[in-house]
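# Examining the three-dimensional arrangement
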Amino acid sequence: MLGSLTFFTGPMACGKTLELVRHLQIYSEQHVPTICIRPSTDTRDENVRSRSGMTFDGLTVTGADNTALGKVIERYDVIGIDEAQFFSPDIIPLLHNAMQCGKIILVSGLDTDFRGEIFPTSLALLALPETIVQRTRAVCAVCRQHNATRTQRLKNGKPVRRDEPTVAVEGTETQISYEPRCIEHHVVLP
């Protein structure tokens, strides 16, 4: 029996994690063995938490050990992956194999970084012909229209330069924050 692989994606605050948690709860309430895996890079919370407050228990893993991750995946029928962009693209063959073995794989993550460039892991997910892609837009923080396709990184409330590191977690001591923006209001300084 073939499983499925669904990728909930889009910019910040578009409801990616909300959809992930909602789907995981549906399976969990029916006593289907369900787990949600989150990367250790995301230091904001120990659980998987949507901006609306919905949560699901998360298993925090480092992206380096696919053998250990594969053993975890073997024990569950439904596997959620949150913040997929923080994992290495090496995880994709593991998820694809699990799907081919009948597992239901639900993945949530940003499609592009603050520069508007696609994350390698997101690209690998989008490249799989079996992936069901649910791309959602958000409300732009500037014009307040439901047209935001980009994630704006701010440092001390101002757009950052292109040469900033690709990964910077929101809420750290460096005053990093993110907001959804439409293409017209998305700014990356040279």
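Preceding block: the structure.
Criteria and cut-off values
Position labels on residues start from 1 in each chain and follow its written sequence. With the structure being a predicted model, the display of local features is reserved for residues of pLDDT at least 70 and the display and counting of side-chain atom pairs for 80 or more, all residues being used for whole-chain, interface and lining totals. In computing side-chain values, all of the structure's heavy atoms are included and hydrogens and water are not. A run of DSSP states H or I qualifies as a helix once it reaches four residues; a run of E qualifies as a strand once it reaches two. Both are numbered from the N-terminal end. Note on contacts: a residue pair qualifies if any of its non-hydrogen atoms lie within 4.5 Å across the two residues. Method for areas: the Shrake-Rupley scheme with a 1.4 Å probe, in which residue coverage is limited to the protein chains shown. Counting rule for charge: Lys and Arg are taken as positive, Asp and Glu as negative, and neither His nor the chain ends is counted. The atom standing in for a charge is NZ when the residue is Lys, CZ when it is Arg, CG when it is Asp and CD when it is Glu. Pairs of strands are assigned from DSSP output, requiring at least two bridges between the strands. The angle between two axes is taken between their N-to-C directions and runs from 0 to 180 degrees, where each axis is a line fitted to C-alpha atoms and a helix contributes only its stretch in contact.

Within the chain, the regular secondary structure consists of four helices and eleven strands. With the C-alpha coordinates aligned to their principal axes, the bounding extent of the chain is approximately 50 × 30 × 30 Å. Within the chain, contacts between residues separated by at least 24 positions form 72% of all contacts whose residues are at least 6 apart in sequence. Total accessible area on the chain is roughly 9,600 Å²; 51% of this is exposed by carbon and sulfur atoms. Of note, the chain has its 20 positive side-chain charges centred 6 Å away from the centre of its 22 negative side-chain charges.

Now for the sheet that holds strand 8 (residues 131–135). The strand order across the open sheet built from six strands is 5-2-6-7-1-8, with neighbouring strands paired in parallel fashion. Both outer strands of the open sheet, strand 5 (59–61) and strand 8, are each paired with one neighbouring strand and no more. Geometrically, the sheet is characterised by an average inter-axis angle of 20° between neighbouring strands, direction not taken into account. Pairing of strand 2 (residues 34–39) with strand 6 (residues 78–81) involves four bridges; the strand directions are parallel. Bridged to Cys36 within strand 6 is Gly80. Relative to the sheet, helix 1 (residues 16–29) contacts strand 1 (4–10), strand 2, strand 6 and strand 7 (104–110), its axis offset from that of strand 7 by approximately 160°. Strands strand 1, strand 7 and strand 8 of the sheet are contacted by helix 4 (residues 120–127), whose axis makes an angle of about 135° with strand 1.

Turning our attention to the sheet that holds strand 9 (residues 150–155). Taking strand neighbours across the sheet as the criterion, the three strands line up as 10-9-11 in an open arrangement whose pairing is antiparallel. Whereas interior strands pair on both sides, the edge strands pair on one side only; in this sheet they are strand 10 (158–159) and strand 11 (176–181). As paired strands, strand 9 and strand 10 are joined by two bridges and run antiparallel to one another. Opposite Lys155, over in strand 10, you have Lys158 as the bridge partner.

This paragraph deals with unusual backbone geometry. The backbone phi angle of Glu83 is positive, close to 55°, even though this residue is not glycine. Here Glu83 lies in the loop between strand 6 and helix 3 (91–100).

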